[in-house]
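Residue-level structural notes
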Amino acid sequence: MNASVGEWGRPAGRGPRSVQEAIARALGEHLPGGVRTGELDRGERALRWVEAGRGGIAPVVLIAGCGTTALSWSAVLPELARYGRVVAYDRAGLGASDPDRAAAAPTLDGQIADLAALVRQLDAGPAVLVGHSWGGQLAQLLAWQRPELVAGLVLVDPAHEEFQPWSIRIAEAALTRLWLYRAAASAASAASKPTSLDPREPLDRAGAAVIGHRHQRRAVLAEQRLSALAVPAIRRRRSAARPVGMPVAVLSATRGLPSAMRVRWTALQAGVARHAVRGTHGTVQGAGHAIQADRPRAVVAAVREVSDHARYFLMD
């Protein structure tokens, strides 16, 4: 198992690595200390990430929602990097990571194994996992299966298998389509104004690099299918899981769905917090499903609180 970490200034090359460089360059515009890139050999494919900051109580690993990439954390990564090491990775086939050509479709165990391998590769002990939506479910699954790798959980409007799956898929798909549309439109606008000083331009161009890669749409659709097909397996694993001992913070959105559906989803999310030994739950007023974009300060505050509590959890 090989891995490498480098500065984004290296030659970009072609293919997914060039997407990684575009993401790192865009995120680096907002970070005085710059952004580093890394990749991990997962058997004839590379799992890639960007990272910033150093030190801290435990590394923070950002896990994007269904069909989205490290760019979805652009509003919180610079602030989190002030307090320690933070890593945002792309799952197989998404963003900068190579598709898994050995598998016909992504699998739940494959995505959990990739996340576990990334945490081990960071070589900094257990990590605080910050998961949005589908990423929140993956974070919980790893905590149940490999608790020694997890110092804490921050679940950002996490998906739940008992909430109507089609509702989650509609929310995820709508968010993904909106992001792709905005990225394409903004990139086209930026390209027509090469001297633009708009600070969003690097992110727009990175978004265009992501959506321009040939395997992206296929990977998005495949992951949306997985999120539906995995419901029975996640249900079984949750019922068999013991309450996790690490600190857990669950954040719920308040906008973006009919009120009855939102109430149902929020109640399930609150139940996740209650099932944890050290769990808290809060609603973020005015935030849609992508809380990290709408109310980034709420996410940063939750990560800092969980990281502080993780200090004592790791000492137990």
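All of the points below concern the structure found in this document. Since this is a predicted model, take the numbers as computed values, not measurements.

Quick word on the pairing of strand S9 (residues 278–283)
The pairing of strand S8 (residues 247–252) with S9 spans six bridges and is parallel. Pairing of Pro247 across the sheet is with Arg278, part of S9. For the crossover that starts at S8, traverses helix H9 (residues 259–275) and ends in the parallel S9, the hand is right-handed.

Some details on the packing of aromatic side chains
Following the criterion strictly, the structure yields one aromatic pair and no others. Taking the centre distance of 4.9 Å and the plane angle of 15° together, the rings of Phe163 and Trp265 count as stacked. Taken together, the positions of Phe163 in the loop between strand S7 (150–156) and helix H5 (165–191) and Trp265 in helix H9 put the pair 102 residues apart, joining distant regions of the chain. Given the relative accessible area of 2%, Phe163 is considered buried.

Section: the side chain of Arg48
With respect to the secondary-structure elements, Arg48 resides in strand S3 (residues 46–52). The exposure class assigned to Arg48 is buried, which follows from its relative accessible area of 5%. A distance of 2.9 Å separates the side chain of Arg48 from the backbone oxygen of Ala96, its partner in a polar contact. Among residues more than four places away in sequence, those in contact with Arg48 are Pro16, Arg17, Gln20, Gly38, Glu39, Tyr89, Asp90, Ala96, Ser97 and Asp98.

Considerations on unusual backbone geometry
Even without a glycine there, the phi angle at Asp123 is positive, about 55°. With respect to the secondary-structure elements, Asp123 resides in the loop between helix H3 (108–122) and strand S6 (127–132). According to the relative accessible area criterion, Asp123 is exposed, its value standing at 69%. One non-glycine residue, Ser133, adopts positive backbone phi at about 55°. Locating Ser133 in the fold gives a position in the loop between S6 and helix H4 (134–145). Of the residues examined, Ser133 reaches a relative accessible area of 0% and is grouped as buried.

Points about helix H7 (residues 216–229)
In an α-helix, one full turn covers 3.6 residues, which means residues spaced three or four apart are oriented alike. Its 14 residues place the ends of H7 20 Å apart at the C-alpha level, agreeing with the 20 Å of an ideal helix rising 1.5 Å per residue. Along H7, the residues classified as buried are Gln216, Ala219, Val220, Ala222, Glu223, Gln224, Leu226 and Ser227.

Digging into the pairing of S3
Taken across its seven residues, S3 has seven buried, putting it largely inside the fold. Residues of S3 alternate between two faces, with Ala46, Arg48, Val50 and Ala52 on one and Leu47, Trp49 and Glu51 on the opposite face, all of them buried. Taken together, the six bridges between strand S2 (residues 36–41) and S3 define a ladder with antiparallel strand orientation. The partner of Arg36 across the bridge, within S3, is Glu51. Hairpin connection of S2 to S3: four residues between the antiparallel strands, including Gly43 at a positive phi of 85°. Pairing of S3 with strand S5 (residues 86–89), which is carried by four bridges, proceeds in the antiparallel orientation. Directly across from Val50, in S5, lies its bridge partner Ala88.

Criteria and cut-off values
Residues numbered from 1 in each chain as written. Predicted model: local features only at pLDDT ≥ 70, side-chain atom pairs only at ≥ 80, totals over all residues. Heavy atoms only, no water. Pairing = 2+ DSSP bridges. Helix = DSSP H or I, 4+ residues; strand = E, 2+ residues; numbered from the N terminus. Right-handed = clockwise from strand over helix to strand, strands pointing away. Phe/Tyr/Trp six-rings, centres within 6.5 Å; stacked < 30°, edge-to-face > 60°. Buried < 20%, exposed > 50% of the residue type's maximum accessible area, 1.4 Å probe, protein only. Polar contact = N/O pair within 3.5 Å; in protein donor to acceptor, adjacent residues only side chain to side chain. Contact = heavy atoms within 4.5 Å. Expected span 1.5 Å × (residues − 1).

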